[in-house]
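# Coordinates in review
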Amino acid sequence: MLTVRAPATSANLGSGFDVFGVALETPADVVRVERARETTISVTGAGSEFIPEDPAENTVGAVAKALDAPALIEIDKGVRPASGLGSSASSAAAAAVALNELYDCGYSREELVPIAAEGEALVSGEAHSDNVAPSLLGGFTIVTDHGVTQVDTSVPLVACLPETVVSTRDAREVVPDQAALEDVVSSVGNAATLAVGMTRNDPELVGRGMDDDIVTPQRTALIDGYDDVREAALEAGATGVTVSGAGPGILAVCDGSSRRAVAGAMIDAFDDNDVESRAYQTRVGSGATLYRD
């Protein structure tokens, strides 16, 4: 039996819609695999009651099928589904690494990205790689049609997760089909600033580069209390705040000394809107880790 821990992720980061992603130190999914004649899946942990165990309907089952690697698969969810923290991607990435090793498939981590993305298609309807790439590779990732660019960094973050649900499919439906040229220019500039900030491990630049006037405003309307939470985080020392992935999770960038204050301010702001939440004081971290039992 092999065990893989794969981290939660945050995609988009505001200005990098469907392109940017980061791995978080916490939380994470743990997947255990053992060879079998046919794939069976069991799920425990956060939100497990909402996750199908039928391999044909589970992200991990899609990965096993893509690798032609049947197995007994145990998933321990640390990343709640419909959180905006890459829950399905964490499981898919962990399974891809574990099954690749179990069957000696020989794929590199980069080559596993599109395979793990097949699992994502069950959730969003399309095989997006902006969550599976950082969960597999760690750090900050840029996904394009030409492949994945990865940068190691350790920018401090707070991921605040309200006890509400926003489905990936619903969040994609509010994405506008068109955008004004000035908004596109602004987002390109912000995305470039954010990318440079990641290479410099600079929370100030990263936060400044998260602003987006195209997709983010449409998604914030789906999150009760978002404006108050964002304002509270900025007042507590965050350098930038945005929706994490499809939401409802909210991601704040800050320096290490401000994380506790930012986390507390975000929770309090959700409380003021009668929404329960929890906050992860984390940072950009490493990708999936393989353990041999």
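Please refer to the structure higher up on the page.
Bear in mind the structure is a predicted one, so any value in this text is a computation, not a measurement. (Residues numbered from 1 in each chain as written. Predicted model: local features only at pLDDT ≥ 70, side-chain atom pairs only at ≥ 80, totals over all residues. Heavy atoms only, no water.)

## Notes on the packing of aromatic side chains
Centre-to-centre distance and the angle between the planes together describe a pair of aromatic rings. Short version of the rule: Each aromatic pair joins two rings of Phe, Tyr and Trp (for Trp, the six-membered one) with centres within 6.5 Å, and gets the label stacked for planes under 30 degrees apart, edge-to-face for over 60, and tilted for any other angle. Two thresholds decide whether a charge sits over a ring: the Lys NZ or Arg CZ must be within 6 Å of the ring centre and within 35 degrees of the ring normal.
Evaluation of the coordinates by the stated rule reveals 1 aromatic pair. Lying over the aromatic face of Tyr 103, Arg 35 brings its terminal NZ or CZ to 4.2 Å of the ring centre.

## Re the nonpolar core
What tends to happen in soluble globular proteins is that the nonpolar side chains get buried as a cluster. Defined as follows: The criterion is simple. A nonpolar core is a set of buried Ala, Val, Leu, Ile, Met, Phe, Trp, Tyr and Cys residues joined through side-chain atoms within 4.5 Å. Think of it in three bands: with a 1.4 Å probe and only protein chains considered, a residue is buried below 20% of the maximum accessible area for its type, exposed above 50%, and partly exposed in between. Runs of H or I in DSSP of at least four residues are treated as helices and runs of E of at least two as strands, each being numbered from the N terminus. In what follows, residue pairs with any heavy atoms lying within 4.5 Å of each other are defined as contacts.
Counting residues in hydrophobic clusters, the biggest one holds 37 residues, and the most contacted among them are Val 33, Ile 73, Leu 99 and Leu 136. Among the elements that take part in this core, helix α2 (residues 87-102) stands out by supplying 10 residues, more than any other. Apart from residues no more than four positions distant in its own chain, Leu 136 is found in contact with Ala 93, Val 97, Arg 109, Leu 112, Val 113, Ala 116, Gly 287 and Ala 288. Counting 23 residues, the second largest nonpolar core, distinct from the first, contains Val 79, Val 155, Met 210 and Tyr 280.

## Topic: empty space enclosed by the protein
Using the following cut-off: Put plainly, a pocket is an open set of points on a 1 Å grid over the protein atoms alone with protein on both sides within 12 Å along at least five of seven lines, a cavity is a set where a 1.4 Å probe fits but cannot get out, and a lining residue has an atom within 4 Å of a point. Grid points are joined across faces, edges and corners, and a volume is the space filled by probe spheres set on the points. Each residue is assigned to one class: nonpolar for Ala, Val, Leu, Ile, Met, Phe, Trp, Tyr, Cys and Pro, charged for Asp, Glu, Lys and Arg, and polar for all the others, Gly among them.
Inspection of every chain in the model, using the stated rule, returns 1 cavity of 30 Å³ or more. Size it by volume and the largest cavity reaches roughly 60 Å³. Around the largest cavity, the lining residues are Asn 12, Gly 14, Phe 17, Val 215, Thr 216, Arg 219, Thr 242, Val 243 and Gly 245. Class assignment of the residues belonging to the lining of the largest cavity gives a composition of 3 nonpolar, 5 polar and 1 charged.

## Things to note about the state of the cysteines
Cut-off, in case you're wondering: Pairs of cysteine sulfur atoms within 2.5 Å are identified as disulfides in what follows.
For the structure on display, the rule yields 0 disulfides. This cysteine, Cys 254, is not joined by any disulfide, and Cys 160 carries the nearest cysteine sulfur, 12 Å off. The class of Cys 254 is buried, set by a relative accessible area of 0%.

## As for the pattern of salt bridges
What counts, and what does not: Only one rule defines a salt bridge in this text: a Lys or Arg side-chain nitrogen within 4 Å of an Asp or Glu carboxyl oxygen.
Summed over the entire model, instances satisfying the criterion amount to 3 salt bridges. Its salt-bridge partner being Asp 29, residue Lys 77 comes within 2.4 Å of it at the nearest N-O pair. Of the two residues, Lys 77 sits in strand β4 (residues 71-77) while Asp 29 sits in strand β2 (residues 20-35), which places them 48 residues apart along the sequence. Summarising the burial analysis for this pair, Lys 77 and Asp 29 share the class buried. Glu 101 serves as the salt-bridge partner of Arg 292, at 2.3 Å between the closest nitrogen and oxygen. Residue Arg 292 is found in strand β11 (residues 289-292), and its partner Glu 101 is found in helix α2; the two are separated by 191 residues along the sequence.

## Some thoughts on the layout of surface pockets
Taken as a whole, the second largest pocket spans an internal volume of roughly 180 Å³. The wall of the second largest pocket is formed by Asp 18, Glu 110, Val 113, Pro 114, His 128, Ser 129, Asp 130, Val 143, Thr 144, Asp 145, Gly 147 and Val 148. For the lining of the second largest pocket, the secondary-structure elements that each account for two or more residues are α3 (109-124), β5 (140-144) and β6 (147-151). For the lining of the second largest pocket, the element with the highest residue contribution is α3, accounting for 3 residues. When grouped by side-chain class, the residues that make up the lining of the second largest pocket number 4 nonpolar, 4 polar and 4 charged.

## Remarks on α2
The condition is simple: Multiply 1.5 Å by the residue count of a helix minus one, and that product is the helix's expected span.
Relative to the 22 Å expected for 16 residues at 1.5 Å per residue, α2 spans 23 Å between its end C-alpha atoms, a close match to the ideal helical length. α2 sits mainly inside the fold: 15 of its 16 residues count as buried. Of the residues one or two after α2, Asp 104 is the one with positive phi, at around 50°.

## A look at the sheet that holds strand β8 (residues 240-243)
Hydrogen bonding along the main chain pairs the strands of a sheet, whether they run parallel or antiparallel. Note the threshold: Here, any two strands with at least 2 DSSP bridges between them count as paired. Note on definitions: angles span 0 to 180 degrees between N-to-C directions of axes, and those axes are lines fitted to C-alpha atoms, for helices only across the stretch in contact.
Strand order across the open sheet formed by 4 strands is β8-β9-β7-β10, with antiparallel pairing between neighbours. Taken across any chain shown, the strands that pair with only one partner, and hence form the sheet edges, are β8 and β10 (277-283). Direction aside, the axes of adjacent strands within the sheet are offset by 20° on average. Strand direction decides the pairing type here: strand β7 (residues 156-162) and β10, joined by 7 bridges, are antiparallel. Bridging from a neighbouring strand, Pro 162 pairs with Ser 277 of β10. Across the sheet, helix α9 (residues 226-235) lies against β8 and β9 (250-253), angled at about 155° from β8, the strand it touches most.

## Focus: a nonpolar patch on the surface
We apply this condition: Like charges are joined within 9 Å and nonpolar side chains (Val, Leu, Ile, Met, Phe, Trp, Tyr) within 5 Å, but only among residues with over 30% relative accessible area and no salt bridge; these make up the patches. All accessible-area figures derive from a Shrake-Rupley calculation using a 1.4 Å probe, and residue coverage is judged against the displayed protein chains alone.
Taken together, the side chains of Leu 181, Val 184, Val 185 and Val 188 define a hydrophobic patch exposed on the protein surface, amounting to about 380 Å² of accessible area. In this structure, Leu 181 sits in helix α6 (residues 181-200). In this structure Leu 181 comes out as exposed when scored by relative accessible area, which is 65%.

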